[in-house]
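An overview of the molecular structure
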Amino acid sequence: MRFFLTYKGEPKPPTAEQMAAIGKLGDEMKRTGVLIASGGILPASKEGRFRLKNGQFSLTDGPFTETHERIVGYAIVETGSEAAAIELGKRFMRVAGDGDAEVRRMVGENEHSH
């Protein structure tokens, strides 16, 4: 089963120690085959946002007001259960620091069963 994990935290750069710990965990997850993709997400301060309503698209250009906490990172993992995906998220948060996380099951043609 594939899961999409998001991490919301303070919009500040991680310390060198945090980056080293995150890298070590990522390497372990790659070696064991559970990590499909991961990365950081830049603030939406300058990008555009678009919406479809009643068949009409509207585009709003930034800058946008920053929120206190925003999604700053993500991972796509493949595990045998939601509990295993949650545990990976907890391990990440222990090295990344305080914040909130969300785990969402993914479905689609690339989903594999264990």
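The structure we're discussing is the one just above.
Since we're looking at a predicted model, the values are computed, not measured. (Residues numbered from 1 in each chain as written. Predicted model: local features only at pLDDT ≥ 70, side-chain atom pairs only at ≥ 80, totals over all residues. Heavy atoms only, no water.)

1. A few points about the overall build of the chain
Counting secondary structure elements, the chain contains two helices and six strands. From first element to last, N terminus to C terminus, the chain shows the α and β order β-α-β-β-β-β-α-β. Classification of the 114 residues of the chain by burial places 21% in the buried group. For the chain, restricting intrachain contacts to residue pairs at least 6 apart in sequence, the fraction spanning at least 24 positions comes to 77%. (Helix = DSSP H or I, 4+ residues; strand = E, 2+ residues; numbered from the N terminus. Buried < 20%, exposed > 50% of the residue type's maximum accessible area, 1.4 Å probe, protein only. Contact = heavy atoms within 4.5 Å.)

2. A word on the layout of surface pockets
Volume-wise, the largest pocket comes out at about 820 Å³. Along the walls of the largest pocket sit 43 residues, with Tyr7, Ile22, Gly73, Phe92 and Ala96 positioned nearest its centre. Looking at the lining of the largest pocket, the elements that each hand over two or more residues are strand S1 (2-9), helix H1 (16-31), strand S2 (35-40), strand S5 (70-78), helix H2 (82-96) and strand S6 (100-106). Per-element accounting of the lining of the largest pocket gives the leading share, nine residues, to H1. By residue class, the composition of the lining of the largest pocket is 24 nonpolar, eleven polar and eight charged. (1 Å grid on protein atoms, 1.4 Å probe; cavity = no way out; pocket = protein on both sides within 12 Å on 5 of 7 lines; lining within 4 Å. Points joined across faces, edges and corners; volume = space filled by probe spheres on them. Nonpolar A, V, L, I, M, F, W, Y, C, P; charged D, E, K, R; others polar.)

3. Side note on the pairing of strand S3 (residues 49-53)
Within S3, only zero of the five residues are buried, which leaves it mostly out in the open. Examined bridge by bridge, S3 and strand S4 (residues 56-60) share five bridges and lie antiparallel to one another. Along S4, the bridge assignment pairs Leu52 with Phe57. Counted along the chain from S3 to the antiparallel partner S4, the turn is two residues long, and its residue Asn54 has a positive phi close to 55°. (Pairing = 2+ DSSP bridges.)

4. Quick look at the packing of aromatic side chains
Centre distance and the angle of the planes are the two values used to describe a pair of aromatic rings. Throughout the structure, instances matching the rule amount to three aromatic pairs. Ring plane angle 25° and centroid distance 6.2 Å describe the contact between Phe4 and Tyr74, whose orientation is recorded as stacked. Of the two residues, Phe4 is situated in strand S1 and Tyr74 in strand S5; the sequence distance between them amounts to 70 residues. The partly exposed category is assigned to Tyr74, whose relative accessible area is 28%. Measuring from centroid to centroid gives 5.3 Å for Tyr7 and Phe92, while their planes differ by 80°, and the two rings are edge-to-face. Residue Tyr7 is located in strand S1, and its partner Phe92 is located in helix H2; the two are separated by 85 residues in the primary sequence. Residue classification places Phe92 among the partly exposed residues on the basis of a relative accessible area of 26%. (Phe/Tyr/Trp six-rings, centres within 6.5 Å; stacked < 30°, edge-to-face > 60°.)

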